[in-house]
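Descriptive structure summary
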Amino acid sequence: MENTSNRRRVLPRWAGFLPRRFRESERGQALVEFTMVLPILLILLFALVDFGRAFYTWLLVTNAAREGARIAAVQSDMNTVEYRIYDSFCNNYPSNCSLDPSKLNWTNKASANIQGSRGTPVVIDLAYSFEFVTPLGGILQLIGGNDLSNPTIKAHSSMRLE
């Protein structure tokens, strides 16, 4: 049986151009492994940040639709309903808002049945144009091909007019 401990390791031809200390050591292995794992860790971090923001935005938009439907259910006018919708996520509307009011759209304003007859439903549908703060949307578009650069967060609330 041949002694394999004395045999020289066969390296590729291009490895002869590298200095000996790089050819015969494993010092850079941790760096290579780190560079392979880093993109996955960054995507997870980006997803965590943007999912938390999207969930918070969904809660605020849903609450705004509920507040608007509640104030409309007690026979308030259109301006009062709109003010209550925006005031639900602003401490002092139009300033100091948790969301950008220009990105919130009341999609069924004309058909919401504001000040309708008693017993009929009033419906508030809101849509918010959400923007990622991390490059997650671009990364997902690159990987999956879907356009997630500006997802829309929607909320629906319906209450019976009193």
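Quick caveat: nothing in here was measured; it's all calculated off a predicted structure.

Notes on the pattern of salt bridges
Enumeration over the complete set of coordinates arrives at five salt bridges. The shortest N-O distance in the salt bridge between Glu-67 and Arg-84 comes to 3.3 Å. Separated by 17 residues along the polypeptide, Glu-67 in helix H2 (residues 29-73) and Arg-84 in helix H3 (residues 78-87) bring together distant segments of the chain. The exposure class of Arg-84 is partly exposed, given its relative accessible area of 33%. The partner of Glu-82 in a salt bridge is Lys-109, with the nearest N and O atoms 3.0 Å apart. One end of the pair, Glu-82, is in helix H3; the other, Lys-109, is in the loop between strand S3 (104-106) and strand S4 (121-129), and 27 residues separate them in sequence.

What about the nonpolar core?
One finds Ile-124 and Leu-126 to be the most contacted residues of the largest nonpolar core, which totals 26 residues. Looking at this core, the elements that each hand over two or more residues are H2, H3, S3, S4 and strand S5 (152-160). Here the element with the most residues in this core is H2; it accounts for eight residues. Those residues within four positions of Leu-126 in sequence are excluded, and the remaining contacts are Val-61, Ala-64, Ala-65, Ile-85, Leu-104, Asn-105, Trp-106, Thr-107, Ile-153, Lys-154 and Ala-155.

How each quantity is defined
All residue numbers here refer to positions counted from 1 along the written sequence of the relevant chain. Confidence filtering applies because this is a predicted model: local features only for residues at pLDDT of at least 70, side-chain atom pairs given and counted only at 80 or more, and all residues used for totals across whole chains, interfaces and linings. Only hydrogens and water are set aside when side-chain values are computed; all heavy atoms of the structure are taken into account. Salt bridges are defined as contacts in which a side-chain nitrogen from Lys or Arg sits within 4 Å of a carboxyl oxygen from Asp or Glu. Only runs of H or I of at least four residues qualify as helices and only runs of E of at least two qualify as strands under DSSP, and these elements are numbered from the N terminus. Partly exposed describes any residue whose relative accessible area lies between the buried limit of under 20% and the exposed limit of over 50%, with all areas from a 1.4 Å probe on protein chains only and scaled to the type maximum. Among buried residues, those of type Ala, Val, Leu, Ile, Met, Phe, Trp, Tyr and Cys that are joined through side-chain atoms within 4.5 Å constitute a nonpolar core. The contact criterion used is simple: two residues touch if any of their non-hydrogen atoms lie within 4.5 Å.

Treat this as a map of the structure, not an account of what it does.
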